[in-house]
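# An overview of the molecular structure
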Amino acid sequence: MKLKVGKTTLTLSYPLACVTAAVLILDTSGKVLLCFCAALMHEGGHLFALRCCHTPPEEIKLSLFDAAIIDRKKQLHPFSHELAITLSGIAVNFLSASVGWVLYSIHPHPLLKVFIAAHLTLGIFNALPVDSLDGGQALLLILERFFPPDRAERLLLLLSVLILLPTAIIGFWLLLVTKYNFTLLLSALYLTSLLLLKPRKPHRKTSAKKPQIPVS
């Protein structure tokens, strides 16, 4: 399903559309809807930062497990702008959680606790220095300031593995203890699959030049 919004193409997957419709119909408590809103506000933070940098994205792809903002002018952004765009989604989540906490201190409504928890969880999760997450992309930008791109990617890959491996173990232990809480394990396995399936850029190999034989 594709929609054209100005110069941006919005692609919405059918599974996501079906799940969203089911949530709107079946979620009478409003808790799941608040989690969806937290995710949309996160992506809205990226879009707002892109708009502030005068580079609206060419395409936005929303699927059941991923949201991709295609910015083909990424290489044209200065370092400070690119870092701000990368971290803007996390900033929106933490700012929203702070506003929710203030509102909860004034009027302690149960849904405000869900609102705060959703934004805090999403913000902390995306802040992890793992490839494919905002924290990992921000760290990669910083590493590329000090190291060649191929070495920076290897360092990020190593750090991602060091974080995801114990996270998967803790998630598996949590599943065994609670018998139902598989969220952490599923998240770790999903991010690990993204690492394994991510195409790697071929590195240039330097070869010694063959001596040229002068022709008389």
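The structure we're discussing is the one just above.
Calculation criteria
- Each chain has its residues counted from 1, running along the sequence as written.
- Local features in a predicted model are, by the rule used here, given only for residues with pLDDT of at least 70; side-chain atom pairs are given and counted only at 80 or more, and totals for whole chains, interfaces and linings are based on all residues.
- Only hydrogens and water are removed before side-chain values are computed, so all heavy atoms of the structure are retained for them.
- Put simply, a patch holds well-exposed residues, over 30% relative accessible area, that have no salt bridge, with like charges counted together within 9 Å and Val, Leu, Ile, Met, Phe, Trp or Tyr side chains within 5 Å.
- Areas reported as accessible are Shrake-Rupley estimates using a 1.4 Å probe. Residue values count occlusion only from the protein chains shown.
- When a carboxyl oxygen of Asp or Glu is within 4 Å of a side-chain nitrogen of Lys or Arg, the pair counts as a salt bridge.
- Comment: elements are numbered from the N terminus, with helices defined as DSSP H or I runs of at least four residues and strands as E runs of at least two.
- Two aromatic rings, drawn from Phe, Tyr or Trp (for Trp, its six-membered ring), form a pair once their centres lie within 6.5 Å of each other, and the interplanar angle then sorts them: stacked below 30 degrees, edge-to-face above 60, tilted otherwise.
- Any Lys NZ or Arg CZ found within 6 Å of a ring centre and within 35 degrees of that ring's normal is scored as a charge over the ring.
- Three exposure classes are used, based on accessible area relative to the maximum for each residue type with a 1.4 Å probe and protein chains only: buried under 20%, partly exposed in between, and exposed over 50%.
- Every residue pair with non-hydrogen atoms within 4.5 Å of one another is taken to be in contact.
- Put simply, a nonpolar core is a bunch of buried Ala, Val, Leu, Ile, Met, Phe, Trp, Tyr and Cys residues held in one set by side-chain atoms that sit within 4.5 Å of each other.
- For every element, the axis is a line fit to its C-alpha atoms; helices are fit only across the contacting stretch, and the angle between N-to-C directions ranges from 0 to 180 degrees.
- Roughly parallel here means an angle under 35 degrees, roughly antiparallel means over 145, roughly perpendicular means 65 to 115, and every remaining angle is called oblique.
- Each helix crossing is assigned a hand: it is left-handed if the near helix lies turned anticlockwise from the far helix by less than a right angle, otherwise right-handed if that turn is clockwise.
- Think of it as three bins: nonpolar holds Ala, Val, Leu, Ile, Met, Phe, Trp, Tyr, Cys and Pro, charged holds Asp, Glu, Lys and Arg, and polar takes everything else, Gly as well.

This next bit is on a nonpolar patch on the surface. A cluster of nonpolar residues, L24, I25, L26 and L33, forms a patch on the protein surface that exposes about 440 Å² of accessible area. Residue contributions to the nonpolar patch peak at 3 residues, all from helix α1 (residues 14–26). Its location among the elements puts L24 in helix α1.

Inspection of every chain in the model, using the stated rule, returns 0 aromatic pairs. Over the aromatic face of F79 sits the side chain of R145, whose NZ or CZ is 4.3 Å from the ring centroid.

Moving on, we get to helix α5 (residues 134–143). A large share of α5 lies buried, amounting to 7 of its 10 residues. Residues D134, G135, G136, A138, L140, L141 and L143 constitute the buried set of α5. For α5, the elements touching its buried residues are α2 (31–52), α3 (79–106), α4 (110–126) and α6 (149–178).

Let's shift gears to the pattern of salt bridges. Enumeration according to the criterion identifies 1 salt bridge in this entry. D150 serves as the salt-bridge partner of R154, at 3.9 Å between the closest nitrogen and oxygen. Placement of the pair is R154 and D150 together in helix α6, with a separation of 4 residues, close to one helical turn. Taking relative accessible area as the criterion, D150 reaches 27% and is therefore assigned partly exposed.

Looking at the secondary structure, you find S98 in helix α3. Of the residues examined, S98 reaches a relative accessible area of 40% and is grouped as partly exposed. Between the C-alpha atoms of S98 and L120, which are 22 residues apart in sequence, the distance is 9.1 Å.

So, about the nonpolar core. Counting 6 residues, the largest nonpolar core consists of V130, L133, I163, L164, L191 and L195. Filtering out sequence-adjacent residues up to four positions away, I163 remains in contact with P129 and V130.

On to the environment of L122, then. Here L122 shows up in helix α4. Since its relative accessible area comes to 21%, L122 is described here as partly exposed. Discounting residues that sit within four places of it in the chain, L122 has contacts with A38, A39, H42 and N93.

Non-glycine residue S132 carries a positive phi angle of around 85 degrees. By secondary structure assignment, the location of S132 is in the loop between α4 and α5.

The geometry of α3 relative to α5 is characterised by a closest axis approach of 9 Å and an angle of 165 degrees between their N-to-C directions. One finds that α3 runs roughly antiparallel with respect to α5. Of the two possible hands of crossing, α3 and α5 adopt the one that is left-handed. Residue-level contacts link F79, E82, L83, T86, L87 and I90 of α3 to D134, G135, Q137, A138, L141 and I142 of α5. Across the contact of α3 with α5, the residue classes break down as 7 nonpolar, 3 polar and 2 charged.

Our focus in this paragraph is the environment of N93. Along the chain, N93 falls in helix α3. Counting along the chain gives 25 residues from N93 to A118, while the straight-line C-alpha distance between them is 8.5 Å. If sequence neighbours within four positions are ignored, N93 has contacts with A38, H42, H119, L122 and G123.

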